[in-house]
Each structure stands twice: as structure tokens, then as C-alpha cells.
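# Architecture at a glance
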There are 2 protein chains.
Amino acid sequence: MDPSKVNVPPAMNMTIDNITQNTVLINSQAQDPRLTFVLERLVSHVHDFARETRLSSKEWMASIQFLTEVGQMCSDVRQEFILLSDILGLSLLVDSIDHPKPPHSTEGSVLGPFHTHEAEHKENGEAISHDKNGEPLLVLCTIKDSNGKPVEGAKVDIWETDSSGHYDVQYADRDGPDGRVVIKSKEDGSFWFKAIKPVPYPIPHDGPVGKLLQKLHRHAFRPSHMHFMFEKPGYDHLITALYLRGDPYETSDAVFGVKESLLVDLEPADDATATQYHVKPGTLVLKYDFVLVSDKEADDLRDEKSRQALAALGRRVKIIDGLPVPDVD
Amino acid sequence: MDPSKVNVPPAMNMTIDNITQNTVLINSQAQDPRLTFVLERLVSHVHDFARETRLSSKEWMASIQFLTEVGQMCSDVRQEFILLSDILGLSLLVDSIDHPKPPHSTEGSVLGPFHTHEAEHKENGEAISHDKNGEPLLVLCTIKDSNGKPVEGAKVDIWETDSSGHYDVQYADRDGPDGRVVIKSKEDGSFWFKAIKPVPYPIPHDGPVGKLLQKLHRHAFRPSHMHFMFEKPGYDHLITALYLRGDPYETSDAVFGVKESLLVDLEPADDATATQYHVKPGTLVLKYDFVLVSDKEADDLRDEKSRQALAALGRRVKIIDGLPVPDVD
Ligand SMILES: [Fe+2]
Ligand SMILES: [Fe+2]
């Protein structure tokens with residue numbers, strides 16, 4: 001900004017005790033109350049973190065270098081900051097905040113860094129993976145709303161690794177998308193496709209996030225899972241995943257994604273199912289009934305929880321565009 | 001880490017309310033109590049930030065993209081994360097925490113992103129800037145300890161911009177270092193050199209940090225200053241800067257560095273001074289007497305303040321290698 005066009009509240013002589021209020025003040029000039037509020041909380045927490053830990057200059061410089069490495073590890077096919085957010089539990093937390101679920105609806109899980117926008121749109125019944133080494137899996141699902149009504153025409157994004165635990169984008173020499181697809185739900189709310197049985201895999205750990213996990217004596221593995229994302233106008237965006245019950249990493253997911261309600265048991269297809277869906281008898285079947293939440297239900301719940309959170313901060317609240325800002329009137 | 005070699009505390013079903021304690025727990029396996037403590041506070045503050053602001057998935061993704069851009073802006077000669085830390089007041093805060101000052105010692109200021117390790121070592125009296133357009137400035141300084149005893153042989157790192165407000169590293173085609181030098185203080189604690197009068201300059205604002213300043217309706221300028229860094233075994237590392245009193249940005253420094261005690265008035269050299277230091281009469285002179293703090297003084301003060309900060313958190317404290325960790329015995 002041209003300095004003559006801004007009106008910065010005068011300040012100098014910053015100390016450990018006065019710098020937070022001054023930084024918050026100087027960040028409060030924009031006419032965007034949400035930005036002002038988010039920056040206020042950000043600065044307060046970052047400063048409190050430094051004050052409480054007595055962060056040293058050496059630790060600060062190591063943090064600067066760590067964040068720089070995380071940024072420089074990012075590319076079109078690698079998002080190291082999402083990995084960092086994932087392993088710190090932030091991704092799961094933000095999903096829980098932004099997509100509150102009434103009882104009996106499908107819970108969310110972490111998006112992870114491997115969703116892309118290049119999946120092919122396919123018809124129900126097609127194969128989403130071309131990995132010959134994968135164990136065949138038939139996936140039979142339905143989508144309903146909170147009233148039990150089938151949801152037709154929802155856009156369902158599905159992605160999984162190959163049998164070695166790698167997503168398509170992790171191969172430098174890949175030809176095109178694989179292990180990912182977009183399907184529409186049918187009139188009765190059902191959708192189905194052929195896939196391979198998910199396997200556990202380590203999140204990419206050859207970068208700074210992997211080094212951090214090592215320092216923390218944590219492993220990098222995620223339990224076997226398949227990702228699902230649902231979009232339909234009128235319904236709250238649902239990002240989730242289904243997890244195979246009994247996986248060795250079921251209770252130690254590196255990114256905190258597993259929920260009891262998202263665990264599934266695979267069963268071999270009986271003859272009728274095999275015939276109906278054109279698979280060999282005994283093929284493993286994953287069945288799941290998703291329940292989507294309407295925008296209205298999600299918005300109401302989100303607003304209510306926002307009001308509670310700001311009240312706990314001692315702030316009166318206004319909801320603007322679905323997000324809370326302090327009410328200063 | 002090999003999963004069989006770590007013992008991750010089992011957890012699933014993460015919610016808004018239980019994810020913080022579970023993340024802290026899973027991060028507590030390393031046998032490094034300082035790392036455990038820093039991560040505990042980091043995760044608590046990051047999660048509280050999201051809970052209090054009700055951070056949306058869209059805002060989270062915008063933050064991921066912002067941090068990625070900051071990282072990708074960094075290069076050998078550009079440190080955008082330091083800029084970000086600077087404009088959020090974190091850099092000044094960390095310096096204040098790690099380098100506490102008893103009364104009457106020289107206060108610290110921000111390092112900034114422009115210090116390098118390539119400055120030439122020069123003798124007292126030499127010129128540090130070769131910018132012909134700069135207004136000549138004679139700099140006459142002394143260094144004493146808290147008892148008023150001259151400090152001999154201190155390594156003094158000095159850096160300033162050219163007359164257009166740019167540091168040497170900001171020129172892609174530069175031949176070598178300019179506007180920066182390393183000098184040793186003499187037996188009587190004095191050091192002196194020829195420089196140019198500092199000018200105000202905007203911090204680099206063509207990257208993501210500049211965009212953030214713009215969004216916040218803040219300008220990017222720093223008031224006219226010259227950087228100084230002092231090192232001598234037995235003395236606490238001092239990073240500071242001197243600021244020209246009356247600068248238009250004196251009370252609106254984009255990075256919160258100005259302190260009353262670091263303001264200087266330039267005076268024209270009288271004939272005796274001009275003769276003694278081989279400058280033209282009337283040349284501007286900057287005089288300053290620095291006071292260094294001993295390691296012992298700084299360590300004692302730092303420990304005391306660390307104990308107070310952790311007591312305020314309700315924690316008993318042990319000091320290990322000069323930094324606090326909770327005492328769990
Ligand atoms: Fe995944
Ligand atoms: Fe500077």
C-alpha cells in the first residue's frame with residue numbers, strides 16, 4: 001500500500017508484553033471483520049506460543065528453515081503443507097469444525113494430499129483401478145439424506161492407491177489418472193464400481209514432514225482405506241474415507257483419520273451378488289450406506305457451535321457468510 | 001520410523017474436543033523433553049486457533065496455498081518466511097525473549113532477512129558502502145560492558161542499504177558484497193567506519209507477504225536504519241539497529257523494530273572531528289555507545305523469566321541447556 005493512503009496506528013518500543021496488542025491493532029485497519037478476527041487470533045496464538053515456550057532464536061531459525069523446506073518440497077503433485085497439517089491433527093479438526101454432523105449422518109475424514117481434479121467420469125459398474133496385482137473388490141454403496149430419502153445424481157469422487165500403496169500421481173512416468181474416478185449416484189441413490197482391496201501405505205516421508213515424524217518417534221503409516229468425496233447442490237460437501245477393520249494401523253493412523261463409524265468389513269460375494277454384478281463368486285465386497293447432511297442442517301449446526309465458541313472467548317458474535325466475527329456494536 | 005520400533009498410543013474417533021490431547025500424546029514419545037514441550041504448545045495453539053476462529057475448509061486451503069507460496073518465494077537471497085515472521089511481530093518478540101536486557105544495556109531489534117555471511121572483514125576507518133549517490137556518514141561508536149569497561153576485539157557485523165534503499169543481495173547482477181562489513185572493536189572499545197546516511201525502504205513486497213500487507217491495509221516501509229550485530233565470547237549475542245530520529249516511518253515500522261533507546265540524531269562534524277577522522281567538515285556523524293550484556297547476566301535473566309512463564313502455565317520447570325521444560329518428577 002502507498003503509505004500516504006493508510007493510517008497506521010503509531011507504535012514503537014515493542015516489548016514482550018505489549019507487542020501482541022500492537023500487532024493486532026496494526027492488523028485491524030482492513031474493512032474485513034473476518035480477516036481482522038482471524039489475524040487477531042493467529043497473532044495472539046503465535047505470540048503466546050513463543051512466550052510460553054520461551055522460544056530461542058536458534059529454534060526460531062530452525063522453524064524458519066523447516067517451513068522453507070516444507071514449501072520448497074511442494075510441487076504440482078506433492079503438497080507437503082497438507083501433510084504437515086495432517087500429521088498435526090489440524091486437517092481432521094478443520095473438517096470437523098466446517099462440516100458438523102448431526103447424529104446418524106456419515107462422519108468426515110481427512111482429504112489428504114492426493115485428491116486431484118483429473119479423475120475420469122465413469123458409469124456405475126466400471127473399474128476404477130487397472131492394477132493387475134490388486135485383489136479385486138466390488139464396492140456397493142447407497143446415498144441417503146437424513147430423512148432416509150435416496151440422493152440421486154450426487155457427484156462421487158473416489159480415489160485409492162494401487163496394490164503397492166502408491167497413488168497415480170506418485171509415479172513420475174504415469175500415463176494418466178488411475179485408481180480414481182468420478183461417478184454419479186443413480187435414481188435409487190445407489191452407486192457401484194470395481195476397485196482393488198485397499199492396502200496400508202506410509203504417507204510420503206522423504207521430506208521435512210517425514211523427518212519430523214522420525215524425530216517424534218512416530219511412524220508414517222495410514223491404515224488401508226478408500227477415499228470418497230460427495231457433492232450435490234443443497235447438501236453439505238462431504239469428504240470422508242472408509243477403513244478396513246482390523247488393519248494393523250487402525251489405531252495409529254499417522255493423520256488421525258479413522259472413526260469407528262467408517263470401519264468396514266469385507267465379505268465374499270455370494271452367487272446371487274456375483275451374478276448380478278458380473279464378478280466371480282467369492283470376490284470381496286465392500287458395502288456402505290452413506291448419509292448426507294443438507295446445507296441447512298450443516299449451516300444451523302455450524303452457526304450454533306460458532307456462537308458457543310465465541311461466547312467462550314467472551315465475545316458477542318455476528319455470523320457473516322456462515323463464519324463468525326465479533327459483534328462490536 | 002519402522003512401525004515395529006515405535007509404540008504409538010492407540011487412538012481413533014478423533015473429535016473437535018479430543019484431538020488435541022491425542023495429538024499431544026502421540027507427539028510425546030521422543031525422549032527429548034524440550035521437543036515434547038514445544039510440540040505440545042504448538043499443537044495446542046494451532047488447534048485453539050482453529051477452534052476459536054471456526055476456521056473453514058476454504059480458509060484452511062487458502063492458508064496452505066499461502067504458506068506454499070511463501071516457501072516457494074524463498075531462495076539463496078530471499079527469505080520470505082523471515083519477512084512473514086517480521087511483519088507479524090514474531091521476530092522482535094523472539095529476540096526479546098532470547099536476549100533479555102538488564103537496564104542500561106543496548107536493546108535488541110529485528111535481524112531482518114538481509115544479513116549475510118559474506119561481508120568483508122575491514123579495518124576501522126574504512127568505507128562500508130561504495131554508493132556514490134549516498135550522503136557520506138561518519139560512524140563513531142564504542143562498546144562497553146554493564147560495568148562500563150571497554151569491550152575489545154568484539155566482532156561487529158554492520159549492514160545497510162544503498163541510497164536507493166536496496167541491499168546488495170537484492171541486485172541479481174551484483175559483483176560482490178557492498179554496504180556490509182565486519183569490524184573488530186579496538187583496545188578502548190571503540191570502532192568506526194565510513195558509511196552513507198540510511199534511507200527508508202519498503203521490505204520486499206512483490207511476494208505473498210506483500211500481498212498480505214496490502215490486504216491488511218499496511219504499508220511495507222521501514223524507517224531509515226543501520227543494522228549492527230555483536231559477537232564476543234562471554235557476551236550475549238546482540239542483534240540490533242540504530243534508527244534516525246524523525247523518520248516518517250518512525251512509529252509505523254512494518255516490522256516493529258524501533259525503540260526509543262535506538263534512535264539517533266546525526267550532527268555535522270566539527271573541524272576537530274573532521275581532521276581526526278579524515279572527512280570533510282560538516283560531514284554527518286552518527287555516534288553511539290553500545291552496552292553489551294555478559295552471558296551470565298543474560299542467562300540468569302532468561303532463566304528467571306522462563307520460570308515465571310511456566311509457572312503462569314501452572315507447570316513446574318527444569319532448565320535444560322538454557323531452555324525450560326516441564327518438570328514431571
Ligand atoms: Fe489416502
Ligand atoms: Fe534493514
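Residues numbered from 1 in each chain as written. Chains lettered and ligands numbered in written order. Predicted model: local features only at pLDDT ≥ 70, side-chain atom pairs only at ≥ 80, totals over all residues. Heavy atoms only, no water.

What follows is about the overall build of chain A. The secondary structure content of chain A amounts to eight helices and 14 strands. Each of the three principal axes of chain A carries a C-alpha extent, and together these read 80 × 45 × 35 Å. Here chain A holds 329 residues, and the buried ones make up 58% of them. Long-range pairs, those at least 24 residues apart, make up 69% of the contacts in chain A between residues at least 6 apart in sequence. Accessible surface, chain A as shown: approximately 14,400 Å² in total, 51% of it carbon and sulfur. When the 35 basic and 52 acidic side-chain charges of chain A are each reduced to a single mean position, those positions are 3 Å apart. (Helix = DSSP H or I, 4+ residues; strand = E, 2+ residues; numbered from the N terminus. Buried < 20%, exposed > 50% of the residue type's maximum accessible area, 1.4 Å probe, protein only. Contact = heavy atoms within 4.5 Å. Areas by Shrake-Rupley, 256 points an atom, 1.4 Å probe, with all protein chains shown as cover. Lys, Arg positive; Asp, Glu negative; His and termini not counted. Charge placed at Lys NZ, Arg CZ, Asp CG, Glu CD.)

Here the focus is the relation of the copies chain B and chain A. For the match of chain B to chain A, the screw axis carries a shift of 0.0 Å, the RMSD comes to 0.0 Å, and the turn is 180 degrees. Here the transformation between the copies is reduced to the relation of a two-fold axis. Proximity to the rotation axis, assessed at the C-alpha, singles out Gly71 of chain B in chain B; its C-alpha lies 2.0 Å from the axis. (Least-squares fit on C-alpha atoms with pLDDT ≥ 70 in both.)

For the rest of this paragraph, the subject is the interface of chain B and chain A. On the side of chain A, 89 residues touch chain B, which itself brings 89 residues to the contact. When the buried area of chain B at its contact with chain A is split by residue, Met1, Glu52 and Arg54 of chain B rank highest and sum to 9% of it. Here chain B is connected to chain A by four salt bridges. Measuring nitrogen to oxygen at the nearest pair gives 2.8 Å for the salt bridge that ties Glu52 of chain A to Arg41 of chain B. Across the chain B-chain A interface, the total number found is 31 residue pairs in polar contact (both at pLDDT 80 or more). For the side of chain B that touches chain A, the secondary structure elements donating two or more residues are helix H1 (19–26), helix H2 (33–53), helix H3 (57–73), helix H4 (80–87), helix H5 (90–98), helix H6 (208–215), helix H8 (295–312) and strand E14 (323–326) of chain B. A per-element tally of the side of chain B that touches chain A places H2 of chain B first, with 17 residues. Taken together, the residues that form the side of chain B that touches chain A break down as 50 nonpolar, 25 polar and 14 charged. (Buried area = accessible area lost by both parts, 1.4 Å probe. Salt bridge = Lys/Arg side-chain N within 4 Å of Asp/Glu carboxyl O. Polar contact = N/O pair within 3.5 Å; in protein donor to acceptor, adjacent residues only side chain to side chain. Nonpolar A, V, L, I, M, F, W, Y, C, P; charged D, E, K, R; others polar.)

Before going further, it helps to spend a moment on the pairing of strand E13 (residues 317–320) of chain A. All names here are of chain A. Summarising the sheet, E13 and strand E14 (residues 323–326) pair through four bridges and their orientation is antiparallel. Bridge pairing in E14 places Lys318 opposite Val325. Between E13 and E14, which pair antiparallel in sequence order, lie two residues; one of them, Asp321, sits at a positive phi of approximately 50 degrees. (Pairing = 2+ DSSP bridges.)

The subject of this paragraph is the pairing of strand E9 (residues 238–244) of chain B. Residue and element names in this part refer to chain B. Where burial is concerned, most of E9 is hidden: seven out of the seven residues are buried. By the alternation rule, side chains of E9 split into Leu238, Thr240, Leu242 and Leu244 and Ile239, Ala241 and Tyr243, which are all buried. As defined by bridge partners, strand E8 (residues 225–231) adjoins E9 across six bridges and the pair is classed as antiparallel. Looking at the pairing, Phe230 lines up with Leu238 of E9. As paired strands, E9 and strand E10 (residues 263–264) are joined by two bridges and run parallel to one another. Within E10, the residue paired with Leu244 across the bridge is Val264.

Bringing the environment of Leu84 of chain A into the picture now. Residues and elements named next belong to chain A. Its place among the elements puts Leu84 in helix H4 (residues 80–87). Among the residues examined, Leu84 registers a relative accessible area of 11% and is labelled buried. Sequence separation of Leu84 and Val139 is 55 residues, and the distance between their C-alpha atoms is 31 Å. Not counting the four nearest positions on each side in its chain, Leu84 is found in contact with Phe66, Leu67, Val209 and Leu212.

This paragraph deals with the packing of helix H3 (residues 57–73) of chain A against H3 of chain B. At a closest axis distance of 7 Å, the pairing of H3 of chain A and H3 of chain B adopts a crossing angle of 100 degrees. Between H3 of chain A and H3 of chain B, the angle is such that the two are roughly perpendicular. Residues Thr68, Gly71 and Gln72 of chain A of H3 of chain A touch H3 of chain B, and the partners they reach there are Thr68, Gly71 and Gln72 of chain B. For the contact of H3 of chain A with H3 of chain B, the per-class residue count stands at no nonpolar, six polar and no charged. (Axes fitted to C-alpha atoms, helices over the stretch in contact; angles between N-to-C directions. Parallel < 35°, antiparallel > 145°, perpendicular 65-115°, else oblique.)

Residue and element names in this part refer to chain B. Those protein atoms acting as donors to the iron ion (ligand 2) are Tyr167 (OH), Tyr201 (OH), His225 (NE2) and His227 (NE2), and they sit at 2.0 to 2.1 Å. All donors of the iron ion (ligand 2) belong to a single chain; written as a sequence motif, their spacing is Y-x33-Y-x23-H-x1-H. Here Tyr201 is found in strand E6 (residues 201–202), whereas its partner His227 is found in strand E8, with 26 residues between them in sequence. Of the two residues, Tyr201 and His227, both sit in the buried class. (Donors = N, O, S within 2.8 Å, 3.2 Å for Na, K, Ca; no water.)

Further remarks concern the sheet that holds strand E3 (residues 155–159) of chain B. What the six strands build is an open sheet, ordered E1-E4-E3-E8-E9-E10 (chain B); its pairing is mixed. The open sheet has two edge strands, strand E1 (120–121) and E10 of chain B, and neither has a second partner.

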